[in-house]
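# Working through the structure, step by step
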Amino acid sequence: MTFELHRADARSIQVAGGDGLGKGPFPMTQGADGTWSVTIPHPVPGFHYYWFVLDGVDVNDPTSLTYFGYGKETSGIEIPEPGADY
């Protein structure tokens, strides 16, 4: 699964979230066009909260709906079970 965020002026970005995403936070790498990305191992099925840590500040993914989790509004993603038909 790949996360991306375009923020050319950032010094560092990580993806952080719940344990279901794996052992994070995951440091992202900046491409020549200013887009930061990271590919993580396939998370366990289920709903997972996540956020970006942009130069030390937690920010939501602008391409995600927001949900209330971890005591704050945060991004979320649903990972379907193998064979599930959504």
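How each quantity is defined
Throughout, residues of each chain are indexed from 1 in the direction in which the sequence is written. Note on the predicted model: pLDDT of at least 70 is required for a residue's local features to be given, and 80 or more for side-chain atom pairs to be given and counted; whole-chain, interface and lining totals, by contrast, use all residues. Each side-chain value is worked out from all heavy atoms of the structure, with water and hydrogens disregarded. The helix and strand labels rest on DSSP assignments: H or I over at least four residues marks a helix, E over at least two residues marks a strand, and numbering proceeds from the N terminus. Working definition: with a 1.4 Å probe on protein chains only, accessible area under 20% of the residue-type maximum means buried, over 50% means exposed, and in between means partly exposed. Each reported salt bridge corresponds to a side-chain nitrogen of Lys or Arg within 4 Å of a carboxyl oxygen of Asp or Glu. Patch membership needs two things, relative accessible area over 30% and no salt bridge, and members are linked within 9 Å if like-charged or within 5 Å if nonpolar (Val, Leu, Ile, Met, Phe, Trp, Tyr). All accessible-area figures derive from a Shrake-Rupley calculation using a 1.4 Å probe, and residue coverage is judged against the displayed protein chains alone.

A word on unusual backbone geometry. Cis geometry is found at the peptide bond from Gly24 to Pro25, where omega equals 5°. With respect to the helices and strands, Pro25 occurs in the loop between strand 2 (13-17) and strand 3 (26-27). Notably, Tyr70 is not glycine yet its phi reads approximately 60°, a positive angle. Counting through the fold element by element, Tyr70 comes out in the loop between strand 8 (66-69) and strand 9 (72-79). On the accessibility criterion, Tyr70 (53% relative accessible area) is exposed.

So, about the pattern of salt bridges. Tallying each qualifying case throughout the model produces three salt bridges. Its salt-bridge partner being Arg7, residue Asp9 comes within 2.7 Å of it at the nearest N-O pair. Note on Asp9: relative accessible area 55%, which makes it exposed. Among the ionic pairs, Lys72 bridges to Asp58, the shortest N-O distance being 2.9 Å. Separated by 14 residues along the polypeptide, Lys72 in strand 9 and Asp58 in strand 7 (residues 57-59) bring together distant segments of the chain.

As a further point, take a nonpolar patch on the surface. Where nonpolar side chains cluster on the molecular surface, the patch consists of Phe47, Leu65 and Tyr67 and spans about 290 Å² of accessible area. Within the element layout of this structure, Leu65 appears in the loop between strand 7 and strand 8. Residue classification places Leu65 among the exposed residues on the basis of a relative accessible area of 61%.

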